[in-house]
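Examination of the molecular architecture
Letter by letter, the chains look like this.
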Amino acid sequence: PGIGKTTLVEDFLGELTAGGQPCSIARGRCSERLAGAEAYLPFLEALDGLLHSPGSQPLARLMKLVAPTWYVQISPQGADSSAAGLMDEIRTASQERMKRELMALLKEISRQRPLVLFFDDLHWADASTVDLLAYLAAQFDSLPIMIVATYRAAEMLLAKHPFPSVKLDLQARGVCHELALEFLTTDD
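Below you will find a few notes about this structure.

What follows covers the environment of Arg100. Mapping Arg100 onto the fold places it in helix H6 (residues 95–112). Residue classification places Arg100 among the partly exposed residues on the basis of a relative accessible area of 49%. Sequence separation between Arg100 and Ala67 is 33 residues; the distance between their C-alpha atoms is 8.5 Å.

Given below as structure tokens:
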């Protein structure tokens, strides 16, 4: 904790934005308090951030159409008259359906501009989130999408977290690169 992982990534994302690079950036954090208890929490937070960013009206319509089970989880209740019906759909939605919906949504978002998904403290992510990351990353080779994640490797090993095996698989396919960090100074 405190070596500068999050700061390093935020500086990178800030340089992307300041450099005039047209891209969408979505951020999701994993929570120590909810470690493993809240399925898809970082994805929900990232989508919520995109949905509530300036000029997101077209995204809200797109999300309702392409990924309704995700939309209902992050939209304000009662903001849409069909929300009750969608809530019933969510209760019965399979994880496979949710994966397909999210992939379709990310494809549409990244057609407009490249997308960067930043997930902080992945060592606290639930198994469903890691499974979803593996599913998505396996299909990103032809899409302008980058996932950046910070995590503490030692905590993952101690907790027998599922991400290290997913990371090895993604590295073997050449779609994952790890940057191990030491303590960073301000100059770094």
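This brings us to helix H1 (residues 5–18). Across its 14 residues, H1 extends 20 Å between first and last C-alpha, which sits within 8% of the 20 Å expected from 1.5 Å per residue. If you check which residues of H1 are buried, you get Lys5, Val9, Leu13 and Leu16. Here the buried residues of H1 occupy an arc of 60° about the axis, which is enough to place them on one side. Turned more than 90 degrees away from the buried face of H1, the exposed residues are Thr7, Glu15 and Ala18.

Moving on: the packing of aromatic side chains. The final tally for this structure, using the stated rule, is three aromatic pairs. Measuring from ring centre to ring centre gives 4.7 Å for Phe43 and Phe119, while their planes differ by 55°; the resulting arrangement is tilted. Separated by 76 residues along the polypeptide, Phe43 in helix H2 (residues 41–51) and Phe119 in strand S2 (residues 115–120) bring together distant segments of the chain.

Remark: H6 packs on helix H7 (residues 127–137), axes separated minimally by 11 Å, with the N-to-C direction vectors making an angle of 50°. It follows from the interaxial angle that H6 and H7 lie oblique. As H6 runs across H7, the sense of the crossing is right-handed. Listed contacts from H7 to Gln95, Lys99, Arg100, Leu102, Met103 and Leu106 of H6 are Ser128, Asp131, Leu132, Tyr135 and Leu136. A class-by-class count of the residues in the contact of H6 with H7 yields six nonpolar, two polar and three charged.

Of all 11 residues that make up H7, eight are buried, and the element is covered over most of its length. For H7, the full list of buried residues reads Ser128, Thr129, Val130, Leu132, Leu133, Ala134, Leu136 and Ala137. In this fold, the buried residues of H7 make contact with H2, helix H4 (68–74), H6, S2, strand S3 (145–149) and helix H9 (163–172).

A word on the pairing of S3. Taken together, the five bridges between S2 and S3 define a ladder with parallel strand orientation. When the bridges of S3 are listed, Val116 appears paired with Met146. Crossover handedness for the path S2 to H7 to S3: right-handed.

Okay, the layout of surface pockets next. Within this model, the largest pocket holds a volume of roughly 1,000 Å³. When contributions to the lining of the largest pocket are tallied by element, the ones reaching two or more residues are H1, H7, S3 and H9. Per-element accounting of the lining of the largest pocket gives the leading share, five residues, to S3. Residues belonging to the lining of the largest pocket are distributed by class as follows: 23 nonpolar, three polar and five charged. Approximately 320 Å³ is the volume attributed to the second largest pocket. Residue lining of the second largest pocket: 13 residues in total, with Ser24, Gly55, Leu59, Ile109 and Gln112 positioned closest to the centre.

What counts and how
Residues numbered from 1 in each chain as written. Predicted model: local features only at pLDDT ≥ 70, side-chain atom pairs only at ≥ 80, totals over all residues. Heavy atoms only, no water. Helix = DSSP H or I, 4+ residues; strand = E, 2+ residues; numbered from the N terminus. Buried < 20%, exposed > 50% of the residue type's maximum accessible area, 1.4 Å probe, protein only. Expected span 1.5 Å × (residues − 1). Arc of directions from axis to C-beta. Phe/Tyr/Trp six-rings, centres within 6.5 Å; stacked < 30°, edge-to-face > 60°. Axes fitted to C-alpha atoms, helices over the stretch in contact; angles between N-to-C directions. Parallel < 35°, antiparallel > 145°, perpendicular 65-115°, else oblique. Left-handed = near helix turned anticlockwise from the far one by under 90°. Contact = heavy atoms within 4.5 Å. Nonpolar A, V, L, I, M, F, W, Y, C, P; charged D, E, K, R; others polar. Pairing = 2+ DSSP bridges. Right-handed = clockwise from strand over helix to strand, strands pointing away. 1 Å grid on protein atoms, 1.4 Å probe; cavity = no way out; pocket = protein on both sides within 12 Å on 5 of 7 lines; lining within 4 Å. Points joined across faces, edges and corners; volume = space filled by probe spheres on them.

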